[in-house]
Amino acid sequence: MRLEHLATLGTIAALGLSATGASAQQAAVQNFECRFDRQCEEDAPCAKSGYVAAVAVDGAPGRDGPITALLEDDMGQHELSGYRMEGSLAAAAHAPSDGSYLLTIWPGGGARLTSHYPGGPPAVTMVGQCQEAR
């Protein structure tokens, strides 16, 4: 999974912010490696999963406020927007042909990714952990 373009985006944003007097800290991109070990489909028991995704979050780390994120998995990239509040991240996206997604990452790394697909199972929730990549 490649997220280099988001690091470049963060660098460009940092340069733009420094020109306006804002700090580069505010433009930092946080990268997460997420592993989801359970998949729960609506009206069915949960099953084991090996789903892995990389998530890059652009927004001031450690501060409440709006964020944008890019979730990248073996099926492609999904742009999300949301909010950071009290250390938790919640971001969502909707693409008519691709379904709707809600990703939540809590302090400590607990994570849920819920998808609503047109024409597929009404809702699929992935249960797992996201750790900040270093």
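Our subject is the structure listed above.
For the structure given in this document, a descriptive report is provided here.

Conventions we followed
Residues numbered from 1 in each chain as written. Predicted model: local features only at pLDDT ≥ 70, side-chain atom pairs only at ≥ 80, totals over all residues. Heavy atoms only, no water. Helix = DSSP H or I, 4+ residues; strand = E, 2+ residues; numbered from the N terminus. Buried < 20%, exposed > 50% of the residue type's maximum accessible area, 1.4 Å probe, protein only. Contact = heavy atoms within 4.5 Å. Disulfide = S-S within 2.5 Å.

## Points about the environment of Ala-47
Piece 1. Checked against the element boundaries, Ala-47 lands in strand 2 (residues 47–58).
Piece 2. Given a relative accessible area of 41%, Ala-47 falls into the partly exposed group.
Piece 3. Once the C-alpha coordinates of Ala-47 and Asp-37 are considered, the two residues, 10 residues apart in sequence, prove to be 8.4 Å apart.
Piece 4. For Ala-47, the contacting residues outside a window of four places in its chain are Asp-37, Arg-38 and Gln-39.

## Some details on the state of the cysteines
Piece 1. Scanning the entire structure with this criterion turns up 2 disulfides.
Piece 2. Between the sulfur atoms of Cys-34 and its disulfide mate Cys-130 the distance is 2.0 Å. The chirality of the disulfide connecting Cys-34 with Cys-130 is right-handed, given an S-S dihedral of about 115 degrees. Taken as a pair, Cys-34 in strand 1 (residues 29–41) and Cys-130 in strand 8 (residues 124–132) lie far apart in primary sequence, 96 residues in all. Here the two residues Cys-34 and Cys-130 agree in accessibility, since each one is buried.
Piece 3. A sulfur-sulfur separation of 2.0 Å characterises the disulfide bridge that pairs Cys-40 with Cys-46. Here the disulfide of Cys-40 and Cys-46 is right-handed, its torsion about the S-S bond being about 110 degrees.
Piece 4. With its bonded cysteines labelled in order along the sequence, the protein chain shows the pairing 1-4, 2-3.

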